[in-house]
Amino acid sequence: MAFWDNLFAGRAAQFDSGNAVSNAIDLTKRRPSVSLSKQGAATGNLRVNLSWRMRTSDIEGRSRQSGRLLRNPSQFFKPEVVQAHTQGMVNVDLDLGCLYELADGSKGVVQPLGNFFGDLNAAPYVKLSGDDRFGGSSGETIFVNLDQRDAIKRLLFFVYIYDQTPAFDRTHAKVTLYPSNGPRIEIELDERAPQARSCAVFSLENVKGDLTVRREVRFVYGFQAELDRLYGWGLQWGRGYKTKT
């Protein structure tokens, strides 16, 4: 063990569970799950938000900033960070979706594609607020009515790239859960998967009344049908398109 490990002993747990400054729980490989029931957050509306930002390519950054690079060569190795809705630089449409299975056996999906926006006060008790195509500051949000938790068996939240251009390696995407009580829960899509087009982010399962959030962060090269196969949903899928904006 290095000297620095002793000097900062105990901080690893802090990084996983969040701290007083951020008031957040970070779900990681080391700490992949958290119980909403145990923190008194198994009621009310659970808000799930997707946000992202993009890096431009090294080539783009060099061509636009050649003068500045000459004055400060160290900037050559720092790609410029831009917002995903800056259309002149990037063009990616990330979508947030949710596969659901209810206690009565019914299954389905809530997602922008196909306008399956769901319902908060009736089955499936999952509601997508809208389709953000440009990575705006509010991102995309799905609400889950946990007052109807007894009707919910399991949910799988996922993110996919609608325009089919693999860009997860340049997309700094994050999914944040805002429970009705306690700290927010953050999941970074930080694993390198440059050719992936979809990612299972986390699952929410109701096991004997205990609602548990589990980090998945599983990238796949296909879309919803492949996620369905991996997690055993058994739905029928077809090609879909969005209306032009």
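Please refer to the structure placed before this passage.
Read on for an overview of the structure. (Residues numbered from 1 in each chain as written. Predicted model: local features only at pLDDT ≥ 70, side-chain atom pairs only at ≥ 80, totals over all residues. Heavy atoms only, no water.)

1. Some details on the sheet that holds strand β3 (residues 45–51)
The test is simple: Any two strands with at least two DSSP-identified bridges between them are counted as paired. Helix and strand labels come from DSSP, where a helix needs a run of H or I of at least four residues and a strand needs a run of E of at least two; each type is numbered from the N terminus.
If you trace the seven strands from one edge of the open sheet to the other, you get β1-β13-β12-β3-β10-β9-β8, paired in mixed fashion. A single partner strand is all that each edge strand has here, and the edge strands are β1 (24–26) and β8 (118–119). By the bridge criterion, three bridges tie strand β9 (residues 126–128) to strand β10 (residues 140–145) in an arrangement that is antiparallel. For Val126, the partnering residue across the bridge sits in β10 and is Val144.

2. Looking at the sheet that holds strand β2 (residues 33–35)
Which entries qualify depends on this criterion: Between the N-to-C directions of two axes lies an angle of 0 to 180 degrees, each axis being a line fitted to C-alpha atoms and, for a helix, fitted only over the stretch in contact.
Across the sheet, which stays open at both edges, the six strands sit in the order β2-β15-β14-β11-β6-β7 with antiparallel pairing between neighbours. A strand with exactly one partner marks an edge of an open sheet, and here the two such strands are β2 and β7 (107–110). In this sheet, neighbouring strand axes are inclined to one another by 20° on average, regardless of whether the strands run parallel or antiparallel.

3. Notes on the packing of aromatic side chains
For any pair of aromatic rings, geometry is given as the distance between the ring centres together with the angle between the planes. As a reminder of what qualifies: Ring pairs are drawn from Phe, Tyr and Trp, using the six-membered ring of Trp, whenever the two centres fall within 6.5 Å, and their geometry is named by plane angle: stacked under 30 degrees, edge-to-face over 60, tilted for the rest. Only protein chains enter the area calculation, which uses a 1.4 Å probe; residues under 20% of their type maximum are buried, those over 50% are exposed, and those in between are partly exposed. Two conditions define a charge located above a ring, namely a distance within 6 Å from the ring centre to NZ of Lys or CZ of Arg, and an angle within 35 degrees of the ring normal.
Tallied over the full model, the rule gives two aromatic pairs. Centre to centre, the rings of Phe157 and Phe202 are 4.5 Å apart; their planes meet at 10°, and the pair counts as stacked. With Phe157 in strand β11 (residues 152–161) and Phe202 in strand β14 (residues 198–207), the pair connects residues that are 45 residues apart, well separated along the chain. Of the two residues, Phe157 and Phe202, both sit in the buried class. Here the basic side chain of Arg154 rests over the ring of Trp233, its NZ or CZ set 3.7 Å away from the ring centre.

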